[in-house]
Amino acid sequence: MGYLEKYRIFAPELRRSLHIAKYRNEQKSARFHIVTYIIKANAQLLDFQSKSKLERVRNINQIDQNKSDLQTIIKQAKSKILDLAIHGKLVPQDPNDEPASELLKRINPSTKITCDNAHYTQLPKGWSVAPMQILCSLIDGNKQNGIERINLDVKYLRGEREPKTLTSGKFIPANSLLILVDGENSGEVFRTPIEGYQGSTFKQLSINENMNTEYLLQVINFYRKLLRENKIGSTIPHLNKKLFKEIKVSIPPYKEQQRIVDSINKAFMFLDMIMENL
């Protein structure tokens, strides 16, 4: 089955995913471009099937370009979904939710709570703003010696090579979060499938238990482009930790954080389905 046929199959799912995301005015551009491309793809499929073999060969390059363009649009749609999510425009608010200011008081009673002021008037009622360093921290695992464990380096976590073992290092439990602090992809976060020793290019990302972990990971994901463009170091680029810690995070009530994560996952699932079947 060619990718044009798959567009026709997945078009209804894509439309539903965009509906689930409850796009407002800001979403219309991304939705318009994706749906327009699907319509064009279907039209091209009918035209393509009527052409001779020679004419089909001549259209290969154009089809490949259309495929590349649609991949770009899907990536842009994902970015837009995250943008809407962290600005309170992805899911409806529930006035019965405990406000985020109470959540912040539990994290740090001395935290300066910022919400509904002149700089953040577009955030929904009940949301707050706090720097990243209040919500999470970059730490190292506890040092261990004389115990053989797998080295949790970036190549192993990406599945690019077989595991290597060390007899000493900084212990990281399974299901922990590691964030790259060295290299071109600084800011990328991995979840460890097993326990092992912390790779040399990582820090452990410790997220406060009062925050929804998946919500904060999506916030970090949204700011990855900013972090990539502001790395420090001339020879080996490093994560700009000062910038990372100072990122102003828009914080919804805890229950809304979960609703946002659910909505993002549903929308991304259908977009990924299309991307995988191009």
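Just above, that's the structure.
Just so you know, these numbers come straight off a predicted model, no measurement behind them. (Residues numbered from 1 in each chain as written. Predicted model: local features only at pLDDT ≥ 70, side-chain atom pairs only at ≥ 80, totals over all residues. Heavy atoms only, no water.)

J.: Any chance you could break down the overall build of the protein for me, citing the residues and the numbers?
T.: Within the protein, the secondary structure is distributed over 11 helices and nine strands. Within the protein, the fraction of its 278 residues that count as buried is 44%. Looking at the protein as shown, the accessible area adds up to about 15,200 Å², and 50% of this sits on carbon and sulfur atoms. (Helix = DSSP H or I, 4+ residues; strand = E, 2+ residues; numbered from the N terminus. Buried < 20%, exposed > 50% of the residue type's maximum accessible area, 1.4 Å probe, protein only. Areas by Shrake-Rupley, 256 points an atom, 1.4 Å probe, with all protein chains shown as cover.)

J.: How would you explain the packing of helix H8 (residues 213-222) against helix H11 (residues 254-276) if you had to name every residue and give the values?
T.: Their axes nearest at 8 Å, the elements H8 and H11 cross at an angle of 60°. Classified by the interaxial angle, the pair formed by H8 and H11 is oblique. Between H8 and H11 lies a crossing of left-handed hand. Contact residues: Glu214, Tyr215 and Gln218 in H8; Gln257, Ile260, Val261, Ile264, Asn265 and Phe268 in H11. Residue composition of the contact of H8 with H11, by class: five nonpolar, three polar and one charged. (Axes fitted to C-alpha atoms, helices over the stretch in contact; angles between N-to-C directions. Parallel < 35°, antiparallel > 145°, perpendicular 65-115°, else oblique. Left-handed = near helix turned anticlockwise from the far one by under 90°. Contact = heavy atoms within 4.5 Å. Nonpolar A, V, L, I, M, F, W, Y, C, P; charged D, E, K, R; others polar.)

J.: Can you break down the side chain of Glu188 residue by residue, with the values?
T.: Inspection of the secondary structure puts Glu188 in the loop between strand S5 (177-180) and strand S6 (189-191). Those residues in contact with Glu188 that lie beyond four places of it in its chain are Arg158, Leu178, Ile179, Leu180 and Arg224.

J.: Give me the sheet that holds strand S8 (residues 202-207): which residues, what numbers.
T.: Two orientations exist for strands paired in a sheet by backbone hydrogen bonds: parallel and antiparallel. With respect to topology, four strands assemble into an open sheet ordered S2-S8-S5-S6, the strand pairing being antiparallel. Each end of this open sheet is capped by a strand with a single partner; those strands are strand S2 (136-139) and S6. On average, each strand axis in the sheet is inclined to that of its neighbour by 35°, with strand direction left out of account. (Pairing = 2+ DSSP bridges.)

J.: Which residues make up the pairing of S2, and what values do they have?
T.: Side chains Cys136 and Leu138 of S2 all project onto a buried face; the interleaved residues Ser137 and Ile139 project onto a face where none is buried. Judged from the four bridges that link them, S2 and S8 form a sheet pairing that is antiparallel. Across the sheet, Leu138 pairs through a bridge with Leu205, a residue of S8.

J.: Kindly report on the packing of aromatic side chains, identifying the contributing residues and their values.
T.: A full pass over the atoms with the stated rule returns two aromatic pairs. The interplanar angle of 85° and the centroid separation of 5.6 Å between the aromatic rings of Phe190 and Phe202 together place this pair among those described as edge-to-face. Pair noted here: Phe190 is in strand S6 and Phe202 is in strand S8, with a separation of 12 residues, a long-range link. Classification of Phe190 by relative accessible area gives buried; the value is 10%. Between Phe222 and Tyr223, the ring centres sit 5.1 Å apart and the planes meet at 85°, which makes this aromatic pair edge-to-face. Overall, Phe222 belongs to the partly exposed group, its relative accessible area being 23%. Sitting over the face of the ring of Phe268, Lys78 holds its NZ or CZ atom 5.1 Å from the ring centroid. (Phe/Tyr/Trp six-rings, centres within 6.5 Å; stacked < 30°, edge-to-face > 60°. Lys NZ or Arg CZ within 6 Å of the ring centre and 35° of its normal.)

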